[in-house]
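These are the residues of each chain, in order.
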Amino acid sequence: MSAHLSSRQSILDRIRVAVRSNDQQLTSDYAQIERQYVRIGKMEDQARIALLIERLREYDAEVVETSIEGLPAIIEAQLSSSGGRTFAAPDGLPAEWLSGEFVWKLDSQTSDVDLEGADGVMTAAFCGIADSGTIVLHHSATEGRRALTLLPDWHLCVLRSSQVVETLPEYFDRCPLAPTLATFVSGPSATADIEMTRIKGVHGPRFLHVILVRDHDAVTGL
Amino acid sequence: MSEPATTNHPIMDPRFAPTFPNAALVELRNPQLRKNVAHATDVIQSKRNRLVAEKTDWLRLRSSASAIRAHVLEHLGTYLEQFEARCTAAGGTVHWAADAAEARSIILEILREEQAKQVIKIKTMTSAEIQLNPALEAAGVEVFETDLAEIILQLGDDEPSHIVVPALHLNRSQVREVFARRMGRSDLTDDPQALTEAARTYLRPKFLNVPVAISGANFLIAETGGVAVVESEGNGRMCLTLPRTMITLAGIEKVLPRFQDLEVMLQVLARSATGERMNPYTSLWTGVTPGDGPQNFHVVLLDNGRSSILGRNTERQTLKCIRCGACMNTCPVYRQTGGHAYGSVYPGPIGAILTPQLMHMKHAQSLPYASSLCGACYEVCPVKINIPEVLIELRAQVVDQERKETARVYDPMYLGMRIANGIFASARRFRAAQRLGRMALAPFTGKDGWIHSLPALGARWTMTRDLRGLPKQSFREWWDAREREAK
């Protein structure tokens, strides 16, 4: 252990000899990094949503749109269409999302091995990024622990249109504090390791379904 | 470590690998390999070019990515200490490894404490750099690679030939042969879908039962103590989430100042690496989260030559690299030879500058010459590493080294250079040499003014290209004659 401690010191010493860093300047140096790239997109709400849907479909994800009122029925239809019966869900989802037609395994009461037995999983999300077709999970009470959206082969993700941003930097603007956990999902698991042929579904969920809930009018109407 | 003489796979240890020209010759005579490499690099390149073209602010993103990475290197010590403090506060344990041997022993010590006899691994080139797998196996630890390409290599007793797509030198039927043999699956077809499915079935129980995972890191976040891993398949998420203990091995240069800097790096990385707008999965975690994922988390910060690269002005930029592999996909040399000829886990242009420096210029000295200096690598580099500039600097260092070696005193090249030096130093000697050269070459010069064949050492030039014969008159002779006529 003492050998490791001294390695720490010797590495830091070597670095300090190599670059004479001045900590007083650290903040001002950082502030001077040029950032001329596009931070905020210019799209209207409809175009932004349309772009997200287009990108998600390019990744072979299924996307359906609905209103707030229509959500429970759409959820039930999606779950039925999967052909499964047993679904995992985070503990914090609204009760009306968890249709009585199906068997639910709640995050806190399900081991990893039990998750393997679920036919699918349903969660909310933190953010959708239209430009790259990305869904960001922060693993809150409505998104569940990380294994929840990983082990089941089928993932139904409910995203509100007010959560959709156009560019990746806009997502970072929505994080006043850095999340301790985050997973960026851009389409289902894939590989191109064999002859660059894209194969869907290696280890993560092979099927990603997204329900986009139009809540924008409700939000802006406030 | 296994003895290089007895392995049946390419030697990827720069200390024992053959020189680049010798290794390349073997690869160039393998038409299947060249076809596979050309296909893979063509596909990635064209996807990359299309997605870069659609990004209107690409050059500005690239400038920012370069500036962020340069800024980190300027303040590396401070950012590393910041990372260490935040990661520790979040429940992680940070270790520092001065070299490969120390990194291996730290990891083995953790595995001993965990009493782990098996580990699962996410693709990490850094672990290949420190030759981790042979060390683990020698200590009785069974290693399961989980990235599809890494499984192919592990089961096929092969070595990586690319840092992003490590098995790109193999085609589907070669992969099928490996899987059928090593998984006992003679039923497999060579359909990539079936082969991928076989890997999924093979690994699923491992993910759920192996207690310890080892990963690399794409980025360490100083501000939060967080770690980011960028991947496609979900094997990374499995390894990061299911085992009870997680070990992340990261080069000291991998740190970023703030969480928000990912808004630049993630945009340039996926486009450059695989030609995607975003890779399927990016995971970010911070220390240990109660009730979610591994409850023991170790980070091993690896120096292994990096701090000495940092101290050299021209070479420092080598450490800006974010390992996207775009430079190899575009490199006219790599595209012919593939990765194995480089004798290092880091092939291609970035490998040609990184490998000899990691070896403190004591090995892999032929790599800085494995380039035509065309500059294509610099053009595509998302963090603007001027690879040709570093290549030239390293070549100069190799020459300085060689000049000092007594064995090189009669080396024809150095002998020739010393003679040339003497000739060029005096106008009289230069003119005499011109006259002598004209006489000596006259018998070999054809009627067309070209030399098609030379004897002895000169044949090394003429066996692949013609040489223009010397003109009958030099410029100075012509000028003097003209002056005389005018009088």
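Keep in mind that what you see is a predicted model, and the values were worked out from it rather than measured. (Residues numbered from 1 in each chain as written. Chains lettered and ligands numbered in written order. Predicted model: local features only at pLDDT ≥ 70, side-chain atom pairs only at ≥ 80, totals over all residues.)

Looking only at helices and strands, chain B features 22 helices and 12 strands. With respect to the three principal axes, the spread of C-alpha positions in chain B is 100 × 55 × 50 Å. Here chain B, with 487 residues, has 50% of them falling under the buried criterion. (Helix = DSSP H or I, 4+ residues; strand = E, 2+ residues; numbered from the N terminus. Buried ≥ 20, exposed ≤ 12 C-beta atoms within 10 Å, placed from the backbone.)

Within chain A, the regular secondary structure consists of 7 helices and 12 strands. On C-alpha atoms alone, chain A measures out to a radius of gyration of 22 Å, which is more than a quarter above the 17 Å that the 2.2 N^0.38 rule sets for 222 residues. When the backbone C-alpha atoms are referred to their principal axes, chain A occupies close to 65 × 45 × 40 Å. In chain A, buried positions account for 45% of the 222 residues. For chain A, long-range pairs separated by at least 24 residues make up 71% of all intrachain contacts whose partners lie at least 6 apart in sequence. (Rg over C-alpha atoms; globule rule 2.2 N^0.38 Å. Contact = placed C-beta atoms within 7 Å.)

Let us now look at the sheet that holds strand β9 (residues 181–185) of chain A. Sheet architecture is open: 8 strands sit in the order β8(A)-β5(A)-β6(A)-β9(A)-β9(B)-β6(B)-β5(B)-β8(B), paired in mixed fashion. Of all the strands in the sheet, the pair left with one neighbour each is β8 (164–165) of chain A together with β8 (255–256) of chain B. Both strand β5 (residues 127–129) of chain A and β8(A) contribute to a ladder of 2 bridges, which runs parallel. Its bridge partner being in β8(A), A:G128 is matched across the sheet by A:V164. (Pairing = 2+ DSSP bridges.)

What follows concerns the sheet that holds strand β3 (residues 103–106) of chain A. Residue and element names in this part refer to chain A. Strand order in the open sheet made by the 6 strands is β1-β12-β7-β4-β2-β3, with parallel pairing throughout. Because the sheet does not close on itself, it has two edges, and the strands there are β1 (62–67) and β3. If you compare each strand with its neighbour and ignore which way they point, the axes differ by 25° on average. With respect to the sheet, helix α4 (residues 71–82) is in contact with β1, β2 (86–89), β4 (120–124), β7 (154–160) and β12 (207–214), its orientation differing from that of β12 by roughly 170°. (Axes fitted to C-alpha atoms, helices over the stretch in contact; angles between N-to-C directions.)

Looking now at the environment of B:I120. Residues and elements named next belong to chain B. As for its position among the elements, I120 is in strand β2 (residues 118–121). For I120 and E109, which are 11 residues apart along the polypeptide, the C-alpha to C-alpha distance reads 17 Å. Among residues more than four places away in sequence, those in contact with I120 are F144, T146, K206, F207, V210, A213, C239 and P243.

Another aspect to go through is the interface of chain A and chain B. Tallying the contact residues gives 61 residues for chain A and 77 residues for chain B. Secondary structure elements with two or more residues in the side of chain A that touches chain B: α1 (2–18), α2 (26–31), α5 (112–116), α6 (168–173), β9 and β10 (190–191) of chain A. Sort the elements by how many residues they give to the side of chain A that touches chain B and α1(A) lands first, with 11 residues. Each residue belonging to the side of chain A that touches chain B can be placed in one class, and the counts come to 30 nonpolar, 18 polar and 13 charged. (Nonpolar A, V, L, I, M, F, W, Y, C, P; charged D, E, K, R; others polar.)

Bringing the packing of helix α2 (residues 31–54) of chain B against helix α12 (residues 262–274) of chain B into the picture now. All names here are of chain B. Axis separation between α2 and α12 bottoms out at 6 Å; the angle between their running directions is 145°. Within the contact between the two elements, α2 uses I44, R48, L51 and V52 and α12 uses R271, S272 and T274. The residue makeup of the contact of α2 with α12, split by class, is 3 nonpolar, 2 polar and 2 charged.

Quick look at α4(A) now. An α-helical turn contains 3.6 residues, so a residue and the one three or four places further along point in the same direction. With 12 residues, α4(A) extends 17 Å from end C-alpha to end C-alpha; this agrees with the ideal 16 Å at 1.5 Å per step. In the core, the buried residues of α4(A) are packed alongside β1, β2, β7 and β12 of chain A. (Expected span 1.5 Å × (residues − 1).)

What follows deals with the domain arrangement of chain B. Residue and element names in this part refer to chain B. Entries for chain B in the domain assignment read domain 1 (4–307), domain 2 (321–408) and domain 3 (412–486). Counting residues at the interface gives 43 residues for domain 1, matched by 36 residues for domain 2. Of all the secondary-structure elements, those providing two or more residues to the side of domain 1 that touches domain 2 are α1 (20–28), α2, α3 (58–74), α6 (125–129) and α12. Among the elements that make up the side of domain 1 that touches domain 2, the one with the highest residue count is α2 (8 residues). (Domains from an automatic or database assignment.)

A:V136, B:M265, B:V300 and B:L301 are the most contacted members of the largest nonpolar core, which totals 192 residues. The biggest single contributor to this core is α12(B), with 8 residues. Each of domain 1 (4–307) and domain 2 (321–408) of chain B gives at least three residues to this core. With residues up to four places along the chain from it excluded, the contact list for B:M265 reads B:A65, B:F219, B:L256 and B:I322. (Core = buried A, V, L, I, M, F, W, Y, C linked by C-beta atoms within 7 Å.)

Our focus in this paragraph is the packing of helix α19 (residues 412–424) of chain B against helix α20 (residues 427–441) of chain B. The angle between the axes and the distance between the axes are what describe a pair of packed helices. All names here are of chain B. Between α19 and α20, the shortest axis-to-axis distance is 6 Å and the interhelical angle comes to 120°. Of the residues in α20, those touching α19 at G422, I423 and F424 are R429, F430 and A433. Of the residues in the contact of α19 with α20, the class split is 4 nonpolar, 1 polar and 1 charged.

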